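# Observations on the three-dimensional arrangement
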Amino acid sequence: MEATINNNGAGDAAIVVRNLRRRFGRQQVLNGVDLACPRGEITTIAGPSGCGKTVLLKHLNMLLRPDTGSIVIDGLEVTKIGERERDEVREKFGMLFQAGALFDSMTVFQNVAFPLVELTALGRGEIADRVAETLKAVGLQGMENKFPSEMSGGMQKRAALARALIRRPKILMLDEPTTGLDPTRTHQIHELVRATQRQFDLTAVMVSHDVPAVFEYSDRIAFMHGGKMEINGPVEQVMAAHNEKFELFLAGKASGIDGPPAAVAS
Amino acid sequence: MIERLGAVVIDRVAALGDFVVFLAQALFCVVRPPYKFRLTIRQLRSIGAESFFLVALIGLFTGMVLGLQGYNTLRRFGSEGALGTVVALVLVRELGPVLTALMITARAGSAMAAELGSMQSTEQIDALSVMAINPIQYLVSPRVLAGVISFPLLTGLFDVIGIWGGWVVGVGLMGAPGGPFINGIRQNMGGHDIATGIYKALVFGVVVMWVCCYKGYNAERMATGVSRATTNAVVLSSVLILMSDYFLTSILL
Ligand SMILES: Nc1ncnc2c1ncn2[C@@H]1O[C@H](COP(=O)(O)OP(=O)(O)O)[C@@H](O)[C@H]1O
Ligand SMILES: [Mg+2]
């Protein structure tokens with residue numbers, strides 16, 4: 001079956017990626033990625049590890065520039081914009097990095113409060129309330145004064161999720177939010193992402209290995225393989241399509257295009 | 001072969017360009033709002049806290065050695081009275097700024113390179129960027145500014161303690177005349193000598209912060225990235241301190 005890409009809806013898609021290519025040295029990591037993330041929906045990107053999911057997210061949030069191709073966010077072509085415009089687009093983002101990327105010189109409270117302290121005019125009391133509320137939502141109440149180094153990987157990830165959510169972003173990007181969490185926590189995080197998404201009508205792009213559990217909380221699936229989107233569409237449609245590579249992947253038998261193992265957790 | 005050489009040259013020139021642009025951005029962000037007063041003060045505190053006692057200790061012993069060597073040399077010419085002048089001028093014009101800069105590099109500069117390097121390798125710097133916070137303005141500018149402020153102050157500390165150390169050894173221990181020690185300094189050390197020391201300290205402050213921040217900020221994302229960045233930062237800072245010292249001296253003489 002053809003990749004089902006929502007090409008007609010560029011107008012109502014928050015993110016539209018067309019034919020994105022990027023190579024590192026000899027390795028063609030992104031080899032013509034097409035993706036559309038409709039506004040107000042959760043798009044889950046799945047795929048074998050090392051296939052370029054993180055690299056794709058870093059193009060969406062403009063940490064990396066593509067060799068060729070286009071990325072349109074809220075109607076704005078972002079691959080060639082200047083610094084000021086780029087920062088304006090980024091104000092809409094909440095990003096959870098794969099390894100958390102918490103500031104290790106700051107406590108959990110300071111980390112989560114950071115975007116509010118630096119980028120808004122909210123008062124202390126209000127910031128404290130918002131932080132407490134968000135920490136409670138990710139199950140980290142009482143951890144305000146811990147440093148990231150004093151917490152487990154799963155707790156760090158939840159703190160990082162709280163930081164990504166604190167400014168109530170319009171577009172949420174999550175790089176493996178549940179990897180390393182136990183099933184109960186995984187379930188809670190999925191519920192939280194879904195609830196937040198509904199409450200604020202935000203658009204979410206999530207990279208996840210929790211297949212097929214995560215599909216229950218997703219509106220769309222994009223399956224990445226060989227530097228492209230093998231399939232991309234609404235969950236039921238993708239599941240009904242019985243794509244061979246996708247089913248192998250779900251059965252845990254996907255042959256990745258694993259190059260040499262990444263030197264970093266990126 | 002020639003092609004490869006060309007590629008290497010282009011690489012090097014590009015890296016040098018990067019290095020210069022980095023400082024230009026940092027300096028630009030010092031004057032552009034929003035100002036980061038709190039961060040600058042935090043950096044001042046950490047440079048001061050890390051380097052204060054080290055600078056004082058090295059200053060003391062440098063002064064004491066100068067007192068000892070100076071006394072023994074000057075005695076051969078029967079001019080022990082010039083000891084104060086010699087110790088003070090050598091410290092204020094030369095050893096104060098240079099040794100202070102080297103000590104701050106070893107202590108605070110290396111810590112800075114390691115800190116920024118680890119922030120780079122764990123994507124904390126990327127996290128700042130994605131939050132629409134300029135990481136150069138947030139991380140580098142306050143450090144450069146703190147360097148410009150703290151280097152002259154710590155150099156002054158070094159000089160004062162060093163002169164005192166020279167007095168203790170030269171006058172107190174070796175028996176050089178105490179009156180001429182003080183009077184010599186009063187009469188022979190002019191504003192120009194002090195200005196020379198301050199100019200040097202200012203330049204070293206920028207150079208050390210520039211190099212240490214740049215190396216940390218651009219640490220490679222590998223297991224050895226942070227330690228390599230730290231080593232490179234200390235070595236390059238030290239080399240640049242001594243090289244720029246020569247040129248500054250020849251200009252300011
Ligand atoms: N900055 C980089 N420089 C060179 N290669 C990179 C870089 N970032 C990622 N890669 C390579 O791109 C490939 C895809 O990486 P990544 O996107 O992290 O995979 P994943 O799908 O598991 O998130 C890997 O082989 C990795 O080595
Ligand atoms: Mg990844």
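Residues numbered from 1 in each chain as written. Chains lettered and ligands numbered in written order. Predicted model: local features only at pLDDT ≥ 70, side-chain atom pairs only at ≥ 80, totals over all residues. Heavy atoms only, no water.

## Regarding the nonpolar core
The cut-off we apply is this: Nine residue types can take part in a nonpolar core, namely buried Ala, Val, Leu, Ile, Met, Phe, Trp, Tyr and Cys, and a core is a set of them joined through side-chain atoms within 4.5 Å. Only protein chains enter the accessibility calculation, which uses a 1.4 Å probe; a residue whose area is less than 20% of its type maximum is buried, one above 50% is exposed, and one in between is partly exposed. Numbering goes from the N terminus for both helices and strands, where a helix is a DSSP run of H or I of at least four residues and a strand is a run of E of at least two. A contact between two residues is defined here by any heavy atoms of the two lying within 4.5 Å.
One finds Ile 15, Ile 45 and Leu 56 of chain A together with Val 140 of chain B to be the most contacted residues of the largest nonpolar core, which totals 93 residues. The leading source of residues in this core is helix H3 (residues 83-121) of chain B, at 13 residues. Each residue touching Val 140 of chain B, except ones within four places of it in the same chain, is listed here: Phe 22, Ala 26, Pro 135, Cys 213 and Tyr 217 of chain B. Core analysis: the second largest hydrophobic core is formed by 40 residues, Ala 113, Ile 127, Val 138 and Ala 164 of chain A among them.

## Considerations on the coordination of the magnesium ion (ligand 2)
We count it as follows: Any N, O or S atom lying within 2.8 Å of the metal counts as a donor, with the limit raised to 3.2 Å for Na, K and Ca; because water is left out of the atom set, some sites can appear incomplete.
At 2.0 to 2.2 Å from the magnesium ion (ligand 2) lie its protein donor atoms, namely Thr 54 of chain A (OG1) and Gln 98 of chain A (OE1). Separated by 44 residues along the polypeptide, Thr 54 of chain A in helix H1 (residues 53-60) and Gln 98 of chain A in the loop between strand E6 (93-96) and helix H3 (108-119) bring together distant segments of the chain.

## Structural notes on the site of ligand 1
Residues and elements named next belong to chain A. Stated formally: Working definition: residue near molecule or strand if any one of its non-hydrogen atoms lies within 4 Å of it. Here a polar contact is taken to be a pair of N or O atoms separated by no more than 3.5 Å, where protein atoms must pair a possible hydrogen donor with a possible acceptor and residues adjacent in sequence count only if both atoms sit in side chains. Computed with a 1.4 Å probe, the accessible areas rest on the Shrake-Rupley method; for each residue, only the protein chains presented here act as cover. When residues are grouped by polarity, Ala, Val, Leu, Ile, Met, Phe, Trp, Tyr, Cys and Pro land in nonpolar, Asp, Glu, Lys and Arg in charged, and all others, Gly among them, in polar.
The immediate surroundings of ligand 1 are formed by 12 residues, with Gln 27, Gly 50, Lys 53, Thr 54 and Val 55 found nearest. Within the contact set of ligand 1, an oxygen atom lies 2.8 Å away from a side-chain nitrogen or oxygen of Gln 27. Take Cys 51: an N or O atom from its main chain is 3.3 Å from an oxygen atom of ligand 1. Within the complex, 76% of the 560 Å² of free accessible area of ligand 1 lies under protein. Here the shell around ligand 1 takes 3 residues from H1, the largest share from any one element. Taken together, the residues that form the shell around ligand 1 break down as 5 nonpolar, 6 polar and 1 charged.

## Quick look at the pattern of salt bridges
As a working rule, side chains carrying opposite charge can pair if their charged atoms are close by. Residue and element names in this part refer to chain A. Spelled out, the test is: Take a side-chain nitrogen of Lys or Arg and a carboxyl oxygen of Asp or Glu: if they are within 4 Å of each other, that pair is a salt bridge.
Applying the stated criterion to the full structure yields 18 salt bridges over all chains. With a shortest N-O distance of 3.9 Å, Arg 86 and Asp 87 are connected by a salt bridge. Notably, a salt bridge pairs Asp 219 with Arg 194, separated by 3.0 Å at the nearest N-O pair. Pair noted here: Asp 219 is in the loop between strand E8 (203-207) and strand E9 (220-225) and Arg 194 is in helix H6 (residues 183-200), with a separation of 25 residues, a long-range link. Given the relative accessible area of 22%, Asp 219 is considered partly exposed. Under the relative-accessibility criterion, Arg 194 is labelled buried at 10%. Overlapping salt bridges, with partners in common, bring together Arg 39, Asp 74, Lys 92 and Lys 170 in one network.

## What about the pairing of strand E3 (residues 42-46) of chain A?
If a strand is regular, its side chains alternate between the two faces of the sheet. Residues and elements named next belong to chain A. Filter applied, for reference: By the convention used here, strands pair only if DSSP detects at least 2 bridges between them.
For E3, the tally of buried residues reaches 5 of 5 residues, placing the bulk of the element in the interior. Of the two faces of E3, the one carrying Ile 42, Thr 44 and Ala 46 and the one carrying Thr 43 and Ile 45 are both buried. As paired elements, E3 and E8 share 4 bridges and run parallel to each other. Bridge pairing in E8 links Ile 45 to Val 207.

## Brief notes about the interface of chain B and chain A
Put simply, the test is: Here the quantity called buried area is the accessible surface, traced with a 1.4 Å probe, that two parts lose on coming together, added over both.
Each partner contributes to the interface: chain B provides 18 residues, whereas chain A provides 24 residues. When chain B packs against chain A, the two sides together hide about 1,800 Å² of surface, and 59% of this comes from carbon and sulfur. Contact with chain A buries surface across chain B, with Glu 123, Val 130 and Met 131 of chain B losing the most and accounting together for 35% of the total. Our count for the contact surface shared by chain B and chain A stands at 2 salt bridges. Put simply, chain B and chain A have 4 residue pairs in polar contact (both at pLDDT 80 or more) between them. Where the side of chain B that touches chain A is concerned, the elements lending two or more residues are H3 and helix H4 (124-130) of chain B.

## Some thoughts on the pairing of strand E1 (residues 13-24) of chain A
All names here are of chain A. Of the pairings in the sheet, the one linking E1 to strand E2 (residues 27-38) comprises 9 bridges and is antiparallel in character. Across the sheet, the residue bridging to Arg 22 is Leu 30, located in E2. Where E1 folds back onto E2 in an antiparallel hairpin, the turn is made up of 2 residues, including Gly 25, whose phi is positive at roughly 60 degrees. One ladder, built from 5 bridges, connects E1 with strand E4 (residues 68-73); its direction is antiparallel. Counterpart to Arg 21 in the pairing with E4 is Thr 68.

## Here we look at the packing of helix H2 (residues 37-76) of chain B against H3 of chain B
Angle between the axes and distance between the axes are the two parameters that describe a pair of packed helices. Residue and element names in this part refer to chain B. Quick reminder of the rule: To get an axis, fit a line to the C-alpha atoms, keeping to the stretch in contact for a helix; angles then go from 0 to 180 degrees between the N-to-C directions. Left-handed describes a crossing whose near helix is turned anticlockwise from the far helix by less than a right angle; the clockwise case is right-handed.
Running from N to C, H2 and H3 cross one another at 145 degrees; their axes reach a closest spacing of 8 Å. Taken as a pair, H2 and H3 cross one another with a handedness that is right-handed. The class makeup of the residues in the contact of H2 with H3 is 19 nonpolar, 6 polar and 2 charged.

## Structural notes on a positive patch on the surface
Definition in use: Two joining distances apply to patches: 9 Å for like charges and 5 Å for nonpolar side chains (Val, Leu, Ile, Met, Phe, Trp, Tyr), and every residue must have over 30% relative accessible area and no salt bridge. As used throughout, the charge tally considers Lys and Arg to be positive and Asp and Glu to be negative, leaving His and the chain termini uncounted. Positions of charges follow a simple convention, taking NZ of Lys, CZ of Arg, CG of Asp or CD of Glu.
Judged by side-chain charge, Arg 124 of chain A together with Arg 38, Arg 42 and Arg 45 of chain B come together as a positively charged surface patch. The dominant element in the positive patch, judged by the number of residues it contributes, is H2 of chain B, at 3 residues. Mapped onto the secondary structure, Arg 38 of chain B falls in helix H2.

## Digging into helix H5 (residues 135-173) of chain B
Residue and element names in this part refer to chain B. To be explicit about the condition: Take the residue count of a helix, subtract one, and multiply by 1.5 Å to get its expected span. Bend is computed residue by residue as the angle between axes fitted to the seven residues ending at the residue and the seven residues starting at it.
If you check H5, its first and last C-alpha atoms are 53 Å apart, about what 39 residues at 1.5 Å a residue would give, namely 57 Å. The sharpest bend along H5 comes to roughly 30 degrees, located at Ser 141, with the proline Pro 142 sitting one to four residues further on. A distance of 2.9 Å separates the backbone nitrogen of Ile 136 from a side-chain oxygen at the start of H5, and that oxygen is part of Asn 134. The first or second residue beyond H5 is Gly 175, which carries a positive phi of 90 degrees.

## Focus on the confidence of the model for chain B
Residues and elements named next belong to chain B. The condition that has to hold: A residue's pLDDT is the confidence the predictor assigns to it, expressed on a 0 to 100 scale.
On average, residues of chain B score 94 in pLDDT, and 100% of them reach the 70 mark or higher. Looking at the elements of chain B, mean pLDDT is at its lowest for helix H1 (residues 2-31), recorded as 87, and at its highest for H4, recorded as 97. For this predicted complex, the interface confidence comes out at an ipTM of 0.88, alongside a pTM of 0.89.

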